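# Geometric and topological summary
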Amino acid sequence: MADKNDTMEKLVSLSKRRGFVFPGSEIYGGLANSWDLGPLGAQLSKNLKDDWWKTFVETRQDMVGIDGSIIMNPKVWEASGHVATFHDPLVEDVKTHKRYRADHLLEEALGIEAGGMSLEELGKIIKEKGVKSPDGNELTAPKNFSGMFQTTIGPIQEEGNVVYLRPETAQAIFVNFKNVLETSRKRLPFGIAQIGKAFRNEITPGNFIFRVLEFEQMEVEYFVEEDEWKPIFEEWAIFMEAWAKKIGLDLEKVSRLEVTGKELAHYSKRTIDFEFDFPFGRKELWGLAYRTNHDLSAHMEHSKQSLEYVDPNDQSRKIVPHVIEPSLGVGRTMLALMLSAYTEEEVGDDSRVVMKFPYHLAPYKIAVLPLSKKDELVEPSQKIVDELTNHWNVEFDVTQSIGKRYRRQDEIGTPFCVTVDFDTLEDGAVTVRDRDTMEQERIKIEELVKYFESKLN
Ligand code: GAP
């Protein structure tokens, strides 16, 4: 069985070997904490996002989606409070020059909750308690480190206008609130969803794709009347847990953490972190926050535009809606999904690794494997592939022994393998192998589509 400590190592290696995740810019020696999705990772991530969009947007009458810009007017980030507050306290080891989050170091060294402490408070405790870096060296005084990446618009950097790469997708939703309200004509309660890239200059990125500088978020801003936020918040918590189940996360490893005190973000009155037991510890997977009407009010004040909602039952009543925000990271979800799917099994004297993805998320649904490379088997196999690809994502693999090809399909989580052998030429049937049970059955070629419809749809 997989040991907790080496599971990550095995997963990183499988990801590279099979084409889920590659180190970023590898031929130039890489770029720390940047990762690229390979053919299987791109498909898995797309399947995950498609399922999220279907579940959170398309199947709900109270939801619509948008796709906003990554680079927005910098006033957005002044209004949202990010320019003033989106930074972390950084300390540096004076000898190794490694950088650390001061609050995290204190939490680890002294077991105290240091999140949200001022630079002065952190510096004072570090001095008084003699806190050293993990390498045992002195630390610099804490200073703020902005979490936002800056760039400039214009041909000459010095003269250009400073803009930011968005650190969350949420703000594009708030900024478009009025446009969406007017065009979709939704009534409260309703939500706006978005999937897109976000960027953070993290001090301590790491743990493979868990904490990176560039990542995708799937976010909802759900607008409500102030007095109805509590039950709706709970409904969203249950909705998110139901999705965790639907995408096959190991529910034993998912738990809720009520975020309290200084750990609460500047905009939030209540936040639940959904945590996952990763091999490197219990860490935040997703967040659910009650952001009050902080964002819409701030954008009203800064833009001087009305973002009010007129009560359709009483036109004289105007309110600034409150908001509940389910916020999920794509990469982090993919990591939890891969860890949940990763299975090692003994098969006789041998062992196999199987990625037990739910069928609807597996990158390939079916692999077609002719037993030999001879044309007499390859040609009918190709015809089967042509027919099945009208319905599902299918892989065609003719190389290596059939045993090795089964192992490869197990490792990439393909639910079914179709083997075309010499008997096929006689009886017009193929062998279908089930990924999880490894049971095999003989199915007529003309019945294959119906057979897979009953299994996969
Ligand atoms: N709009 C609210 C917001 O952005 P957050 O808790 O900072 O809240 C939401 O981020 C989710 O985005 C996290 O729960 C996580 O899944 C993902 N996420 C945040 N920072 C990340 C990073 N550096 N790398 C990968 N995923 C990240």
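Anything mentioned here points back to the structure above.
Let me begin by describing the structure that accompanies this report.

The rules behind these values
Residue indices follow the written sequence of each chain, beginning from 1 at its first position. Since the coordinates come from a predicted model, pLDDT governs what is reported: local features require at least 70, and pairs of side-chain atoms require 80 or more to be given and counted, while whole-chain, interface and lining totals use all residues. With hydrogens and water excluded, all non-hydrogen atoms of the structure serve as input to the side-chain values. The numbering of helices and of strands both runs from the N terminus, where a helix is a DSSP run of H or I of at least 4 residues and a strand a run of E of at least 2. Relative accessible area decides the class of each residue, using a 1.4 Å probe on protein chains only: under 20% of the type maximum gives buried, over 50% gives exposed, and in between gives partly exposed. Contact criterion: two residues are considered in contact whenever any of their non-hydrogen atoms come within 4.5 Å of each other. DSSP bridges decide pairing: two strands pair if at least two such bridges lie between them. For helices, the fitted line uses only the C-alpha atoms of the stretch in contact; every axis is such a line through C-alpha atoms, and the angle between N-to-C directions lies from 0 to 180 degrees. Crossings are assigned a handedness: left-handed for a near helix turned anticlockwise from the far helix by less than a right angle, right-handed for a clockwise turn. Polar here means any residue other than Ala, Val, Leu, Ile, Met, Phe, Trp, Tyr, Cys and Pro, which are nonpolar, and Asp, Glu, Lys and Arg, which are charged; Gly is therefore polar.

## Quick word on the environment of Gly38
For Gly38, the location among the structural elements is in the loop between β2 (35-37) and α2 (39-58). The class of Gly38 is buried, set by a relative accessible area of 4%. Spatially, the C-alpha atoms of Gly38 and Arg270 are 38 Å apart, while their sequence positions differ by 232 residues. With residues up to four places along the chain from it excluded, the contact list for Gly38 reads Gly19, Phe20, Val21 and Phe22.

## Quick look at the sheet that holds strand β10 (residues 214-224)
Taken together, seven strands build an open sheet; the order of strands is β3-β9-β10-β16-β13-β12-β11 and the sheet is mixed. The sheet terminates laterally at β3 (63-65) and β11 (254-259), the two strands that pair on one side only. Each strand axis lies, on average, 25 degrees off the axis of its neighbour in the sheet, ignoring direction. The sheet contacts of α2 involve β3, β9 (190-199), β10 and β16 (322-329), and relative to β9 the element is tilted by about 160 degrees.

## Focus on the packing of α2 against helix α9 (residues 229-246)
One can describe the packing of α2 onto α9 by two numbers: an axis separation of 12 Å at closest approach and a directional angle of 140 degrees. Taken as a pair, α2 and α9 cross one another with a handedness that is right-handed. Only Trp236, Phe239, Met240, Trp243 and Lys246 of α9 make contact with α2, whose side of the interface consists of Leu48, Asp51, Trp52, Thr55 and Phe56. Residue composition of the contact of α2 with α9, by class: seven nonpolar, one polar and two charged.

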